[in-house]
Every structure is written in structure tokens, then in C-alpha cells.
Amino acid sequence: MGAAKQVRRRPDDRRAEIVEAARGVFLRGGYDGFALAEVAAAGEVSRGSIYRYFPSGRADLFVAVLDQVVGELHERLRYAASVPFSPATRMEHVIGALFAYFQDDPDAYRALFRDVWSTGEPEIEAAGLAARALLTSEIAGVIADAELDVAELTAAASGILGFALATVDLALRGEVEAEAAWRVTCAYATSQLA
């Protein structure tokens, strides 16, 4: 019997496999709680392969994981915002999607809204800011029909997102029931909508 033939993967597939392995490691242990060797073992690749796809190592890989998480969350919010109902009902759906995503994956919340600020890495902080901007724009799209100028719309959407994230955090820490946190957030977010 000869040695098993090694299957060569496409670069995009290999990169996606590394990101998926890193996601499990990062989300389980946080940015400070992992080493590239652990990602390499989880993804069954060499550290050299990781550096081939992510030249800056941990920081590049963490940003790729954050991009994946934000993409999933954004897709859920976009779907929730597209329901053909009133702006207030759409807002309730968007907030519900936000709560549900982080209830399903509380480690994603930690990665996106806590770990990004503790790394001291400018590219990771930039990814955190980009995530907030994307989520804010989804909320702004729901309230865009309100009679607000651009600055007011941005401020309102940022405030709603901040309030929602604060109540998600309370719910994840068990300080408030998730249902009660969602209701309070919806009441706050929809108070100015027709």
C-alpha cells in the first residue's frame, strides 16, 4: 500500500478553513487566550500556512473572524429589517435579531464589543468600529423615514445601538431577563417612530 495522496485545496477554501478553526479558538478563549499553534492544531495546518494567508498573524486572523461574525449578524439584521411592516415593527424585529444572535453565541458578543478594545491593536479596533458603523447603518435604515436630518439620524441610530448593546450585555451577564431587556429596548427604540 502506498501513502495516501494529499489533496490540494484551493486557497480560498484553505483560508476559510483557517478562519473557521480560528473562530472556535478565539471565541472560546478570547483574543488573549489563544496561540497560533492552537489555531494550527484545530485547523490541521502549519503555522506557516496561517502566516501565508494572514501575514500579521493573530491580528489579521482575529479581524477575519470578526468580519465573519459581523457578516452573519448583519445578514440577520438586514433580513429582520426587510419585513414589510411599520418602522416600529421592523425595529422590534431588528432588535430581536440582535438579541437572538448574541443569545445563541455570547462569545461573539465578547469578541466584538469587549475584546476589540483590549487588544491594543489598531487594525482590530478599526474592525470593531466598522462593525458598529455597519450595525448603526442597519438601524438608521429602519428609522430613515422619521423626520430627522442626517446628523440626527446618525445620532439616533447610534444611540439605539448603544442602548441595545448595553441591554444585551446585561442579559448575557444574567442581570436582567433577556425578554425584559428586549421589551425595554424595543420601547426605547420605537418611542420616536410612527
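Residues numbered from 1 in each chain as written. Predicted model: local features only at pLDDT ≥ 70, side-chain atom pairs only at ≥ 80, totals over all residues. Heavy atoms only, no water.

Caption draft 1: Local environment of the packing of helix α6 (residues 106–118) against helix α7 (residues 122–143). At a closest axis distance of 8 Å, the pairing of α6 and α7 adopts a crossing angle of 150 degrees. Between α6 and α7, the interaxial angle falls into the category roughly antiparallel. α6 and α7 meet at a crossing whose hand is left-handed. Facing α6, whose interface residues are L112, F113, V116 and W117, α7 presents I124, E125, G128, L129, A131, R132 and L135. Partitioned by chemical class, the residues of the contact of α6 with α7 number eight nonpolar, one polar and two charged. (Axes fitted to C-alpha atoms, helices over the stretch in contact; angles between N-to-C directions. Helix = DSSP H or I, 4+ residues; strand = E, 2+ residues; numbered from the N terminus. Parallel < 35°, antiparallel > 145°, perpendicular 65-115°, else oblique. Left-handed = near helix turned anticlockwise from the far one by under 90°. Contact = heavy atoms within 4.5 Å. Nonpolar A, V, L, I, M, F, W, Y, C, P; charged D, E, K, R; others polar.)

Caption draft 2: Examining the UniProt feature "domain: HTH tetR-type" (unreviewed entry) in the protein chain more closely. The positions UniProt marks with the feature "domain: HTH tetR-type" (unreviewed entry) are residues 12–72. When the span residues 12–72 is considered, its composition is 79% helix and 0% strand, and the gap between its end C-alpha atoms is 18 Å. (UniProt positions renumbered as here; feature names shortened; annotations may be inferred.)

Caption draft 3: Layout of the side chain of T119. Of note, T119 is situated in the loop between α6 and α7. According to the relative accessible area criterion, T119 is buried, its value standing at 14%. A polar contact is formed between the side chain of T119 and the backbone oxygen of V116, at a distance of 3.4 Å. Aside from chain neighbours lying at most four places away, what touches T119 is Y31 and I124. (Buried < 20%, exposed > 50% of the residue type's maximum accessible area, 1.4 Å probe, protein only. Polar contact = N/O pair within 3.5 Å; in protein donor to acceptor, adjacent residues only side chain to side chain.)

Caption draft 4: Here's a closer look at the packing of helix α1 (residues 11–29) against α6. Two elements in contact, α1 and α6, have axes separated by 8 Å at closest approach and are oriented at 85 degrees. In terms of orientation, α1 and α6 fall into the roughly perpendicular class. Contacts between α1 and α6 involve F26, L27, R28 and G29 on the former and, on the latter, D107, A108, R110 and A111. Partitioning the contact of α1 with α6 into residue classes produces four nonpolar, one polar and three charged.

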